[in-house]
Amino acid sequence: MLYRLDPDVLRARFATHRPVTLPLPVQTRALASVALILCHTPQQTHLCMIRRTTREDDRWSGHMALPGGRASEQDADSVAVAVRETHEEVGLLLDSQLACIGQLDQLQLRNHGDARQGVLHAHVFSMEAPRLPPLTPEPREVAEAYWVGLEELYHPDAATLYSLPLPDASPMHFPAIQYGEHVVWGLTYKLLYNFSQVIDTPLPLPPQQP
């Protein structure tokens, strides 16, 4: 069954949503933003997702994610970071004034190798179009870019567990979403879970932890 959100209802939901906020980091590079982009065609609603390239210098190498990245000194605010990074990573131009309808809860980022803690902002963008706009992955950072139909994310069979191997210990298990051969987990899953709370449409429950 095709799954289409009503753009007006979606905007109204976020108009009253008050996201959890965290103290801003002292260093600009400790601030990151992602864009949760929804495109409503006449048939259904799709979400823009990426699969990151496999790189040794990327702690989220190969993961499924939302377009986004670290702030730079030139970015006016966290929305500008999401807009810039989306254009760089998938070639999609967002109108930060008209398309951005709200923000999800901010999440803490823990940087390996030092005591700094970053903050992740997630801005929600909504657009209507007769067809899905093309996505052009930037190959150094993005292996693949997708428009994922919401019915695929909310299908009961998509709920799963991700097992994270640990040295000298039993693996840790995290709720996740299966998308084809890939798994959405971690920070991205937390953002999708928060989004599902705002729109009052719960994600399917994963199986019990083994």
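Quick caveat, the model's predicted, so the values are computed rather than measured.

Reading guide: rules and limits
Residues numbered from 1 in each chain as written. Predicted model: local features only at pLDDT ≥ 70, side-chain atom pairs only at ≥ 80, totals over all residues. Heavy atoms only, no water. Core = buried A, V, L, I, M, F, W, Y, C linked by side-chain atoms within 4.5 Å. Buried < 20%, exposed > 50% of the residue type's maximum accessible area, 1.4 Å probe, protein only. Helix = DSSP H or I, 4+ residues; strand = E, 2+ residues; numbered from the N terminus. Contact = heavy atoms within 4.5 Å. Phe/Tyr/Trp six-rings, centres within 6.5 Å; stacked < 30°, edge-to-face > 60°. Expected span 1.5 Å × (residues − 1). Polar contact = N/O pair within 3.5 Å; in protein donor to acceptor, adjacent residues only side chain to side chain. Disulfide = S-S within 2.5 Å.

Novice: Is there a simple way to explain the nonpolar core in this structure?
Specialist: A general feature of soluble globular proteins is that nonpolar side chains tend to end up buried together. Counting 34 residues, the largest nonpolar core has F14, L36, L38, L47, L104 and F195 as the members making the most contacts within it. If you tally residues by element for this core, the top one is helix α4 (residues 186-198), at five residues. Those residues in contact with L104 that lie beyond four places of it in its chain are F14, H17, P19, L36, A122, V124, L191, N194, F195 and V198. Formed by 20 residues, the second largest nonpolar core is a distinct cluster that contains V83, C100, A129 and W147.

Novice: Looking at this structure, I do not really get the packing of aromatic side chains. What am I missing?
Specialist: Both the distance between ring centres and the angle between the ring planes are used here to describe each pair of aromatic rings. For the coordinates displayed, the defined rule picks out five aromatic pairs. With centroids separated by 5.5 Å and ring planes inclined at 10 degrees, the aromatic side chains of Y3 and Y154 adopt a geometry described as stacked. Taken as a pair, Y3 in the segment before α1 (7-16) and Y154 in the loop between α3 (150-153) and β9 (159-166) lie far apart in primary sequence, 151 residues in all. By relative accessible area, which is 13% here, Y154 ends up buried. Ring plane angle 80 degrees and centroid distance 5.4 Å describe the contact between Y146 and Y179, whose orientation is recorded as edge-to-face.

Novice: Before we go on, may I ask you to explain helix α2 (residues 78-90) in this structure?
Specialist: In an α-helix, one turn spans 3.6 residues, which is why side chains three or four residues apart end up on the same side. If you check α2, its first and last C-alpha atoms are 18 Å apart, about what 13 residues at 1.5 Å a residue would give, namely 18 Å. Those residues of α2 that fall on the buried side of the exposure criterion are S78, V79, V81, A82, V83, E85, T86, E89 and V90. In this structure, the buried side of α2 is in contact with β1 (31-40), β2 (45-52), β4 (68-70), β5 (100-103), β7 (117-128) and β8 (142-149). Of the residues that open α2, the one with a side-chain oxygen 3.2 Å from the backbone nitrogen of V79 is D77. G91 sits one or two positions beyond α2 and adopts a positive phi of about 75 degrees.

Novice: Even after reading the chapter, I still don't get the state of the cysteines, so can you show me in this structure?
Specialist: Disulfide: a covalent bond formed between the sulfur atoms of two cysteine residues. On inspection of all chains with the given rule, the structure shows zero disulfides. The structure places no disulfide on C48, whose sulfur is separated from the nearest cysteine sulfur, that of C39, by 9.7 Å. In this model C100 remains outside any disulfide bridge; the closest cysteine sulfur is found in C48, 15 Å from its own.

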